[in-house]
Amino acid sequence: VYEAFLLLISILEIFMIFYACLTFDFTEKRRVVYYAAYVILLALTLISITINRVLMKKKLRQRLALANVITYQIGLVIWSAIISAMDMTHGGYPVTYMTIIAAVGVLMPFQPIFYGLFAILSSVFLFVLFYSAGGSSLPLTFFLNHFIFILVAIAVQIRNYLATKDQYLLNYRLEKQASIDGLTRVSNRRALDAYMAKLVSEE
């Protein structure tokens, strides 16, 4: 699922870069920044896909693969905040940021408290960028709508995390039951095969 998500992002980035080449007026500084941002994100996405593919082939490096995923998604949210801040300074809405922060919450079962803190801090970062870039004051309804969106995103993440945790515990119990004889409570042939396979993979 993660690689499919990255491939989708890569396709969208390539489309945006191609579209920019055809339509952007590169004498305008904002357009140059947009273009550079998409080129950089495309490069980071391809690097993340490559790292993930290499690490996942070696099961002993799955933690590094997870660190790669988390690092990329943090970078993606920061990138989306920068793009959305530029959109807002020209009368737009933080659609890019809101889409990315929601997608990250759906795709990755982060601890809800960490996801909530990250969503709040990245929102603060978005507004700091907006005002630093000379953005005018926003109406109270804008902040209320954004606050409601963050609450909904956190609620979805809590639900996603609990469902994933329940599924993991169920799989663990089933695997445990499948490797122990029901009568003697002694490990069976399946457990022995798994243990031998683990020893072979560690050599």
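It should be noted that the structure appears before, not after, this text.
Enquirer: I'm lost on the packing of helix α3 (residues 62-89) against helix α5 (residues 112-132) in this one. Help?
Expert: Helices that pack against each other are described as a pair by the angle of their axes relative to one another and the distance between those axes. In contact at an axis separation of 8 Å, α3 and α5 are set at 35° when each is read in the N-to-C sense. You can see that α3 and α5 cross each other, and the crossing is right-handed. On the side of α3, the interface is formed by Ile74, Val77, Ile78, Ala81, Ile82, Ser84, Ala85, Met88 and Thr89, while α5 contributes Phe118, Ser122, Phe125, Leu126, Phe127, Leu129 and Phe130.

Enquirer: Mind showing me how you'd approach the environment of Leu12 here?
Expert: With respect to the helices and strands, Leu12 occurs in helix α1 (residues 2-23). Placed 26 residues apart in sequence, Leu12 and Tyr38 show a C-alpha to C-alpha distance of 9.5 Å.

Enquirer: What is the right way to look at the packing of aromatic side chains in this model?
Expert: In this description, a pair of aromatic rings is defined by centroid distance and the angle of the planes. The final tally for this structure, using the stated rule, is 9 aromatic pairs. Between Phe26 and Tyr35, the ring centres sit 5.2 Å apart and the planes meet at 85°, which makes this aromatic pair edge-to-face. Its relative accessible area of 37% is what places Phe26 among the partly exposed residues. Within the aromatic cluster, the residues linked to one another by ring pairs are Tyr93, Phe127, Phe142 and Phe143. Its end group placed over the ring of Phe24, Arg31 keeps NZ or CZ at 4.9 Å from the ring centre.

Enquirer: Where do I start with a nonpolar patch on the surface in this structure?
Expert: Residues Val106, Phe147, Ile148, Leu151, Val152 and Val156 make up a contiguous nonpolar surface patch of about 550 Å² in total accessible area. If you tally residues by element for the nonpolar patch, the top one is helix α6 (residues 140-178), at 5 residues. For Val156, the position within the fold is in helix α6.

Enquirer: What's the story with the pattern of salt bridges in this structure? I'm lost.
Expert: Pairing is possible between side chains that carry opposite charge, provided their charged atoms lie close to one another. Summed over the entire model, instances satisfying the criterion amount to 2 salt bridges. We note a salt bridge from Glu28 to Arg30, for which the minimum N-O separation is 3.7 Å. Linked through salt bridges whose partners overlap, the residues forming this network are Glu28, Arg30 and Arg31.

Enquirer: What is the right way to look at the nonpolar core in this model?
Expert: Generally speaking, soluble globular proteins have nonpolar side chains that are buried together. In this structure, Leu76, Trp79, Ile83, Tyr97, Ile101 and Tyr115 are the most contacted members of the largest nonpolar core, which totals 37 residues. Ranked by the residues each element gives to this core, the list is headed by α3, at 9 residues. Among all residues touching Ile101, those that are not within four sequence positions of it are Val77, Tyr115, Phe118, Ala119, Ser122 and Phe149.

Enquirer: Would you mind going over the packing of α3 against helix α4 (residues 95-107) with me for this structure?
Expert: Their axes nearest at 7 Å, the elements α3 and α4 cross at an angle of 160°. The orientation of α3 relative to α4 falls into the category roughly antiparallel. α3 and α4 meet at a crossing whose hand is left-handed. Residues Gln73, Leu76, Val77, Trp79, Ser80, Ala81, Ile83, Ser84 and Asp87 of α3 form the contact with α4, whose participating residues are Val95, Thr96, Tyr97, Ile100, Ile101 and Val104. Each residue belonging to the contact of α3 with α4 can be placed in one class, and the counts come to 10 nonpolar, 4 polar and 1 charged.

Enquirer: Whenever I open this one, the side chain of Thr45 confuses me. Can you help?
Expert: Inspection of the secondary structure assignment puts Thr45 in helix α2 (residues 29-56). What makes Thr45 buried here is its relative accessible area of 0%. Setting aside anything within four residues of it in sequence, one finds Thr45 in contact with Leu6, Ile9, Ser10, Glu13 and Tyr72.

Calculation notes
- Residue positions are counted from 1 within each chain, in the order its sequence is given.
- Only residues with pLDDT of at least 70 get local features here, since the model is predicted, and only at 80 or more are side-chain atom pairs given and counted; chain-wide, interface and lining totals rely on the full set of residues.
- To obtain the side-chain values, all non-hydrogen atoms of the structure were used and water was disregarded.
- Every axis in this analysis is a line fitted to C-alpha atoms, fitted for helices over the stretch in contact. Angles between the N-to-C directions lie between 0 and 180 degrees.
- Runs of H or I in DSSP of at least four residues are treated as helices and runs of E of at least two as strands, each being numbered from the N terminus.
- By the definition used in this description, the sense in which the near helix is turned from the far one sets the handedness, with an anticlockwise turn below a right angle giving left-handed and a clockwise turn giving right-handed.
- What makes two residues a contact is simply this: any of their non-hydrogen atoms within 4.5 Å.
- Within 6.5 Å between ring centres, the rings of Phe, Tyr and Trp (the latter by its six-membered ring) count as paired, and their orientation is classed by plane angle as stacked under 30 degrees, edge-to-face over 60, tilted in between.
- Residue exposure (1.4 Å probe, protein chains only): buried if accessible area is under 20% of the type maximum, exposed if over 50%, otherwise partly exposed.
- A ring is considered to have a charge above it if a Lys NZ or an Arg CZ atom is located within 6 Å of its centre and within 35 degrees of its normal.
- Think of a patch as exposed residues, more than 30% relative accessible area, with no salt bridge, where like charges cluster within 9 Å and nonpolar side chains (Val, Leu, Ile, Met, Phe, Trp, Tyr) cluster within 5 Å.
- Each accessible area is a Shrake-Rupley result for a 1.4 Å probe, and residues are judged covered by the shown protein chains and nothing else.
- Salt bridge, as applied in this entry: a Lys or Arg side-chain nitrogen positioned within 4 Å of an Asp or Glu carboxyl oxygen.
- As used in this record, nonpolar core signifies buried Ala, Val, Leu, Ile, Met, Phe, Trp, Tyr and Cys residues forming a set joined through side-chain atoms within 4.5 Å.
- By the definition adopted for this analysis, an angle is roughly parallel if under 35 degrees, roughly antiparallel if over 145, roughly perpendicular if from 65 to 115, and oblique otherwise.
- Amino acids are sorted into nonpolar (Ala, Val, Leu, Ile, Met, Phe, Trp, Tyr, Cys and Pro), charged (Asp, Glu, Lys and Arg) and polar (every other residue, Gly among them).

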